[in-house]
Amino acid sequence: MMHYLLQFPGVIAAVFGIAACQPSKPAPELRLLPYFQSAQAGDTLRFLVAGEGEMDVMPGDTIPNSLFFTVLDSVLLSEINYIADSTEALVLGRQRFTLNDTTDLCLVDIRKSWFQHQSLLLFNKSRQAITGRITVAEWYGGEGGQILTGSWMLDYDGDGHKDLIRREIGHSLLLMENDARDTVYETAVLLRWKDGRFVDSPLPDTALVVKQFPIPSFW
C-alpha cells in the first residue's frame, strides 16, 4: 500500500489540498441567535423576574424546545435542570447585546409552571459559539420556601469591564408548635469579568452591597 501511494504524490497532494479548503462547519448554536433581538447595553442593566420592572415589557421570541435543547450543550444547563426541562419548559429569546470586543450576551428566559429563570448565554464572537451561561434572575421554590434572584450589571470595580452583582432574597416558613414564623434573608454575590468569564469574587461588605443594589421583594 505504501508503494502505491508514493507513485502518485500529485494526487495525494490534491486530495489533501481539497480537504484543507473545505469551509469549517458552523457551530449549531448559531441557529439560536435570530431569536434574540439586538439591544444596547448601556452603563447599567438590571435583570428581574417577570412582573418586576423592565422584564414586564421586554419582547421575546419562543425558541422551539427541539432546537434549544438539541443545539445547546447540556453541560451549560446542568445546574438548572430543575427548570430547564425539554418536555415542559417554555424558552424565550429576549435580547442580545455586546459585553466587550470578544463576547456578546444573549438573555434567555425559561419558564416552567410558576418557576421563572433568566440566564445570560456567553457568545464568543471569534469562535462563533456559546461558551458559557450565568444565572441573573430567578423565582422558584415551594410552599415552605422560595428564592428570588435579580442582578445588576455595571463596571463595579472600575477596570473598564462590566461585572455582575447578583442579589438573592430567600423566604421560608418555620412551623412552630402553635405558630408559624416567616423568615427572610438577603445576600449578594460579586461576579467579576475575568479571562472571558464571570468569576465569583469576594465582597468587602455584603450588607452594604445589599443596600446599594436592591431588587423588588415579594415579602
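Residues numbered from 1 in each chain as written. Predicted model: local features only at pLDDT ≥ 70, side-chain atom pairs only at ≥ 80, totals over all residues. Heavy atoms only, no water.

Chemist: Is there a simple way to think about the overall build of the protein in this case?
Modeler: Secondary structure assignment for the protein yields 5 helices and 11 strands. Intrachain contacts of the protein at a sequence separation of at least 6 include 54% that bridge at least 24 residues. Within the structure as shown, the protein displays about 12400 Å² of accessible surface, and the carbon and sulfur contribution to it stands at 54%. (Helix = DSSP H or I, 4+ residues; strand = E, 2+ residues; numbered from the N terminus. Contact = heavy atoms within 4.5 Å. Areas by Shrake-Rupley, 256 points an atom, 1.4 Å probe, with all protein chains shown as cover.)

Chemist: What am I meant to see in unusual backbone geometry here?
Modeler: Negative phi characterises most residues that are not glycine, and trans characterises most peptide bonds. Phi angles above zero are rare outside glycine, and Q128 is one such case at about 55°. Under the relative-accessibility criterion, Q128 is labelled partly exposed at 35%. Positive phi, normally seen in glycine, also occurs at D195, with a value near 55°. (Buried < 20%, exposed > 50% of the residue type's maximum accessible area, 1.4 Å probe, protein only.)

Chemist: In this structure, what is going on with the packing of aromatic side chains? I would like to understand it.
Modeler: Centre distance and the angle of the planes are the two values used to describe a pair of aromatic rings. Considering all chains together, one arrives at 12 aromatic pairs under this definition. Note on F115 and Y140: the rings are 6.1 Å apart at their centroids and 75° apart in plane angle, and the pair reads as edge-to-face. With F115 in strand β6 (residues 115-124) and Y140 in strand β7 (residues 129-142), this pair connects stretches of sequence that are 25 residues apart. Given the relative accessible area of 27%, Y140 is considered partly exposed. What links up through ring pairs into an aromatic cluster is the set Y82, W114, F115, W139, Y140, F218 and W219. In this arrangement the basic side chain of R46 is found over the ring face of W152, its NZ or CZ atom lying 5.3 Å from the centre. (Phe/Tyr/Trp six-rings, centres within 6.5 Å; stacked < 30°, edge-to-face > 60°. Lys NZ or Arg CZ within 6 Å of the ring centre and 35° of its normal.)

Chemist: Got a minute to help me understand the pattern of salt bridges in this structure?
Modeler: Proximity of charged atoms lets side chains of opposite charge pair with each other. Tallied over the entire structure, the rule returns 9 salt bridges. Of the charged contacts in the structure, one is a salt bridge between R111 and D109, with a shortest N-O distance of 2.8 Å. The partly exposed category is assigned to R111, whose relative accessible area is 21%. When salt bridges that share partners are traced, they join R94, D109 and R111 into one network. (Salt bridge = Lys/Arg side-chain N within 4 Å of Asp/Glu carboxyl O.)

Chemist: How do you make sense of the nonpolar core when you look at a structure like this?
Modeler: Soluble globular proteins tend to pack their nonpolar side chains together in the buried interior. Of all hydrophobic cores here, the largest spans 32 residues; its most connected members are F47, L120, M153 and F198. Of all the secondary-structure elements, those providing two or more residues to this core are β2 (45-47), β5 (103-112), β6, β7, β8 (145-154), β9 (163-175), β10 (180-194) and α5 (206-212). Ignoring anything within four residues of it in the chain, the contact list for F47 reads F97, L107, L120, V136, A137, G150, S151, M153 and L164. Residues L32, L77, A89 and F123 belong to the second largest nonpolar core, which totals 22 residues. (Core = buried A, V, L, I, M, F, W, Y, C linked by side-chain atoms within 4.5 Å.)

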